[in-house]
Amino acid sequence: MSGMVEKRGLSYWMIHAGMILGVLLIFFPIWLAFVASTVSQADIVKPPMPLWPGDQFFENYRRALFSGVNAPVAVMLLNSAVMAIGIAVGKIIISLLSAFAIVYFRFPCRQLVFWLIFLTLMLPVEVRIVPTYEVVARFGMLNSYSGLIFPLIASATATFLFRQFFMTIPDELAEAARVDGSRPMRFFVDILLPMSRTNIAALFVILFIYGWNQYLWPLLITTDPQMNTIVMGIKQMFPSGDDFADWPVIMATSLLAMIPPVFVVILMQKLFVRGLMESEK
């Protein structure tokens, strides 16, 4: 019995030691980026690179936020936030309504409509980028938030997940709501939305990060530097040819770009985990 306890205790510490080692390996590059954002350019290019923060923190982050070759980082962060929130909220609203219609309304070719929506998974924005760009240009949505958001808000994956969740809800709830005289949208708002809260939170985190990391579509439809997103801005900061790279500002910008997604994940962590567990069920 004592041998089993000792063996269990050893495995416990080995598992935790492995977890701590993994966290350190993941965190070390982030720490180096933070150190690089607090020192001068000379400290970075002169080996060995320092491993502890320097005294240029406020200066480097001030230059990153409020100055830039194309646009200040603060403006690009705002553009990315508007785009990511718009895409996440738009995808969730459209997917909720489409899944609600497919599950609770009896109309001709209902299953065909669902499978047509599902087939759009094979047509990501990269495949249909030329016709999508032409439509956006004809509607005059270049260099605008609507052009950044609307072409990306349809989501077959979210529609499929909400459909599967709605199909697990007992039909007695819909029947009871119908007997009580509730209209379909009242049933949707009062019953389905509260029950879908954790699924919505999980999808919001995933879709926010998806929108935040978009690069190709914003690069294509934005020619005004004031409409650049933060992912575009980081790429534009890297030198081409013999240009000079301001590495402290680049590292500061990279860390600033990480803060909103990390904040969203931490803020919605409990609902995110519960949503994923319920989706698996």
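See above for the structure.
From a predicted model like this one, the values you see are computed outputs, not experimental measurements.

Draft legend 1. Fine view of helix α13 (residues 230-237). Of the residues making up α13, those classed as buried are Ile230, Met232, Gly233 and Ile234. Where the residues of α13 are buried, they touch α4 (73-104), α11 (197-212), α12 (216-221) and α14 (247-267).

Draft legend 2. Quick look at helix α10 (residues 184-195). For α10, spanning twelve residues, the distance from its first C-alpha to its last is 16 Å, which sits close to the expected 16 Å at 1.5 Å a residue. Those residues of α10 lying buried are Phe187, Phe188 and Leu192. Along the axis of α10, the buried residues cluster in a sector spanning 95°; they form a single face. At its buried positions, α10 is contacted by α4, α8 (156-167) and α9 (171-179).

Draft legend 3. Molecular detail of the nonpolar core. In this structure, Val73, Phe162, Phe166, Leu192, Phe204, Phe208 and Ile230 are the most contacted members of the largest nonpolar core, which totals 46 residues. The greatest single-element share of this core, amounting to ten residues, is contributed by α4. In terms of domain composition, this core takes at least three residues from each of domain 1 (2-63) and domain 2 (69-277). When sequence neighbours within four positions are dropped, the list of residues in contact with Phe204 reads Ala88, Val89, Ile92, Val264 and Met268. Of all hydrophobic cores here, the second largest spans 13 residues; its members include Ile129, Met141, Ile153 and Trp217.

Draft legend 4. The pattern of salt bridges, seen in detail. For the structure shown, the criterion picks out six salt bridges. Between Arg62 and Glu59 there is a salt bridge; the shortest N-O distance is 2.9 Å. Residue Arg62 and its partner Glu59 are both found in helix α3 (residues 57-66); the two are separated by three residues, about one turn of the helix. The class for Arg62 is partly exposed, based on a relative accessible area of 43%. With relative accessibility at 33%, the residue Glu59 sits in the partly exposed group. Arg178 is paired through a salt bridge with Glu175; the nearest N and O atoms lie 2.9 Å apart. Residue Arg178 and its partner Glu175 are located together in helix α9, separated by three residues, close to a single helical turn. Within the structure, one salt-bridge network assembled from shared partners comprises Glu59, Arg62, Arg63 and Asp246.

Definitions and limits used
Residues numbered from 1 in each chain as written. Predicted model: local features only at pLDDT ≥ 70, side-chain atom pairs only at ≥ 80, totals over all residues. Heavy atoms only, no water. Buried < 20%, exposed > 50% of the residue type's maximum accessible area, 1.4 Å probe, protein only. Helix = DSSP H or I, 4+ residues; strand = E, 2+ residues; numbered from the N terminus. Contact = heavy atoms within 4.5 Å. Expected span 1.5 Å × (residues − 1). Arc of directions from axis to C-beta. Core = buried A, V, L, I, M, F, W, Y, C linked by side-chain atoms within 4.5 Å. Domains from an automatic or database assignment. Salt bridge = Lys/Arg side-chain N within 4 Å of Asp/Glu carboxyl O.

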